[in-house]
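# Close look at the chain arrangement
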Amino acid sequence: MTLFLPQNTLSQNYREILIGLGENPDREGLQDTPVRAAKAMQYLCHGYEQSVEEIVNDALFASDNDEMIIVDNIELYSLCEHHMLPFIGKAHVAYIPTGKVLGLSKIARLVDMFARRLQIQENLTRQIADAVQQVTDAAGVAVVIEAQHMCMMMRGVEKQNSTMNTSVMLGAFRESSNTRQEFLQLIGRSK
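Please read all numbers here as calculations on a predicted model, not as lab measurements. (Residues numbered from 1 in each chain as written. Predicted model: local features only at pLDDT ≥ 70, side-chain atom pairs only at ≥ 80, totals over all residues. Heavy atoms only, no water.)

## So, the packing of aromatic side chains
In total, this model carries one aromatic pair according to the counting rule given. Consider the rings of Phe173 and Phe183, whose centres lie 5.7 Å apart with planes at 75 degrees: the pair is edge-to-face. Of the two residues, Phe173 sits in helix H7 (residues 172-175) while Phe183 sits in helix H8 (residues 177-186), which places them ten residues apart along the sequence. Classification of Phe183 by relative accessible area gives buried; the value is 0%. (Phe/Tyr/Trp six-rings, centres within 6.5 Å; stacked < 30°, edge-to-face > 60°. Helix = DSSP H or I, 4+ residues; strand = E, 2+ residues; numbered from the N terminus. Buried < 20%, exposed > 50% of the residue type's maximum accessible area, 1.4 Å probe, protein only.)

## Considerations on the pattern of salt bridges
Inspection of the entire model under this criterion finds three salt bridges. Residue Arg15 pairs with Asp26 through a salt bridge whose shortest N-O separation is 3.2 Å. With a gap of eleven residues between them, Arg15 in helix H1 (residues 7-20) and Asp26 in the loop between H1 and helix H2 (33-44) connect regions that are remote in the sequence. The exposure class of Asp26 is partly exposed, given its relative accessible area of 46%. (Salt bridge = Lys/Arg side-chain N within 4 Å of Asp/Glu carboxyl O.)

## A word on the UniProt feature "binding site: Zn(2+)" (unreviewed entry) in the protein
Mapped onto this structure's residue numbering, the UniProt feature "binding site: Zn(2+)" (unreviewed entry) falls at Cys80, His83 and Cys151. In sequence the annotated residues extend across 72 residues, while in space they remain close, none of their C-alpha pairs exceeding 7.8 Å. Counting through the fold element by element, Cys80 comes out in strand S2 (residues 69-80). Residue classification places Cys80 among the buried residues on the basis of a relative accessible area of 4%. Setting aside chain neighbours within four positions, we find Cys80 in contact with Leu85, Phe87, Leu118, Gln119 and Cys151. The residue Cys151 is located in helix H6 (residues 150-153) in this model. (UniProt positions renumbered as here; feature names shortened; annotations may be inferred. Contact = heavy atoms within 4.5 Å.)

Now the structure itself:
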């Protein structure tokens, strides 16, 4: 099911933006820009057309493992919902299984699905944690995201070296400081 405007409507909207900026959308360098921009935005926001169920696709496997599983340094690219400018970073995701484990690539795909929506980083972190918890019924889930935001770097305060860090700890990661500390040490976030 497509939630997007027809591409020709979205392209026309980009054409109007160019005109609103005082540009001539018929000049050589901009003639195809509205179509390219529409395609790019549809790609950058394709997470709206995906669901947790489609991403997981029965990739849950029985396992006796009850030790922490971590997938770290998952690159992510998203658009802030306030300015529609990129934020770029990485996610670190951990969970403690209780009888079933999730296919490795599915964690990265869940990160991508939520990142490919207009977002704020705080909500993105929570959505990933909740999805992993929902799918795995884990004893605990932890997600840390560190990202640089173009809305802070390119406009406004223009702080080039700022990084935003967010975390969500569920279950054992929230209840046990030892479990939380082990996770943070393993991803190199503990001093």
